[in-house]
Amino acid sequence: QVQLVESGGGLVQTGGSLRLSCVASGLPFPFSAYTMAWFRQAPRKDREFVVSISWRDSLANTGDSMKDRFTISRDNAENAVYLQMNELKPEDTAVYYCAAAYLGSTFDDWGQGTQVTVSS
């Protein structure tokens, strides 16, 4: 019943920007009780942590390679989390997934992903 649906991916040139959205439904607890995160996976690469936003205080934790370029935000009234990506690089090309962790525990719920392609 749980659904996390990502959108907003696409093709962008190096240096461009994209804003990804993730809308959750069917969660057994209120959306505000979940730490939300974005991960990404490039072809033939391992899944990589991008950024998370805490359920406690909305503080963000960003991976080193994305720091100062990617910003996460959330709207609990809309059960949504967003990823603003700026100054995109070809190395950012990947499928981007959102995930939910109840009370900041393990990420048990995942979306299907949205493709981001950055051309050189």
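Keep in mind the model is a prediction, meaning the values are calculated, not measured.

**Brief notes about the sheet that holds strand β1 (residues 3–7)**
Thought 1: Strand order in the open sheet formed by four strands is β1-β3-β8-β7, and the pairing between neighbours is antiparallel. Strands at the two margins of the open sheet, each flanked by one partner only, are β1 and β7 (70–75). Across this sheet, the average inter-strand angle for adjacent strands is 15 degrees, counted without regard to direction.
Thought 2: As paired strands, strand β3 (residues 18–25) and strand β8 (residues 80–85) are joined by six bridges and run antiparallel to one another. Its bridge partner being in β8, R19 is matched across the sheet by Q84.

**Some remarks on the packing of aromatic side chains**
How two aromatic rings sit relative to each other is given by the distance of their centres and the angle of their planes.
Thought 1: All chains considered together, the criterion is met by six aromatic pairs.
Thought 2: Here F39 and F107 contribute two aromatic rings whose centre-to-centre distance is 5.4 Å and whose plane-to-plane angle is 80 degrees, an arrangement assigned as edge-to-face. Placement of the pair is F39 in strand β4 (residues 34–41) and F107 in the loop between β9 (94–102) and β10 (109–110), with a sequence separation of 68 residues.
Thought 3: Judged by relative accessible area, F107 falls into the partly exposed class, the value being 26%.
Thought 4: One aromatic cluster is present, built from ring pairs that chain together F39, F49, F107 and W110.

**With respect to the state of the cysteines**
Thought 1: The tally for this structure, following the rule as stated, stands at one disulfide.
Thought 2: Residue pairing for C22: its cysteine sulfur links by disulfide to C98, the two sulfurs lying 1.9 Å apart. On the criterion of sequence distance, the pair formed by C22 in strand β3 and C98 in strand β9 is long-range, its members being 76 residues apart. One exposure class covers both C22 and C98, and it is buried.

**Concerning the pairing of strand β5 (residues 48–53)**
Where a strand is regular, its side chains alternate between the two sheet faces.
Thought 1: The sheet contact formed by β4 and β5 spans five bridges and is antiparallel. Across the sheet, the residue bridging to F39 is F49, located in β5.
Thought 2: Between β4 and β5, which pair antiparallel and follow one another directly, the connecting turn spans six residues, one of which, R44, has a positive phi of 60 degrees.
Thought 3: Where β5 and strand β6 (residues 60–62) come together, three bridges link them in antiparallel fashion. Following the sheet pairing, I53 is matched in β6 by A60.
Thought 4: Taking the residues that link successive antiparallel strands as the turn, the β5-β6 hairpin has six residues, and the phi of S58 there is positive, at about 65 degrees.

Criteria and thresholds
Counting starts from 1 at the beginning of each chain's written sequence and moves along it residue by residue. Side-chain atom pairs in this predicted model are given and counted only at pLDDT of 80 or more, local residue features only at pLDDT of at least 70, and totals for whole chains, interfaces and linings cover all residues. Where side-chain values are given, they derive from all heavy atoms of the structure, hydrogens and water being excluded. Strands qualify as paired when DSSP identifies two bridges or more between them. Secondary structure follows DSSP: runs of H or I at least 4 residues long count as helices, runs of E at least 2 residues long count as strands, and numbering of each begins at the N terminus. Simply put, an axis is a line fit to the C-alpha atoms, just over the touching stretch for a helix, and the angle between two N-to-C directions goes from 0 to 180 degrees. Whether two aromatic rings pair depends on their centres lying within 6.5 Å, for rings of Phe, Tyr and Trp, where Trp uses its six-membered ring; planes under 30 degrees apart make the pair stacked, over 60 edge-to-face, and the rest tilted. Exposure is judged per residue with a 1.4 Å probe applied to protein chains only, and the accessible area is read against the type maximum: over 50% gives exposed, under 20% gives buried, and values in between give partly exposed. Two cysteine sulfur atoms form a disulfide, by the criterion used here, when they sit within 2.5 Å.

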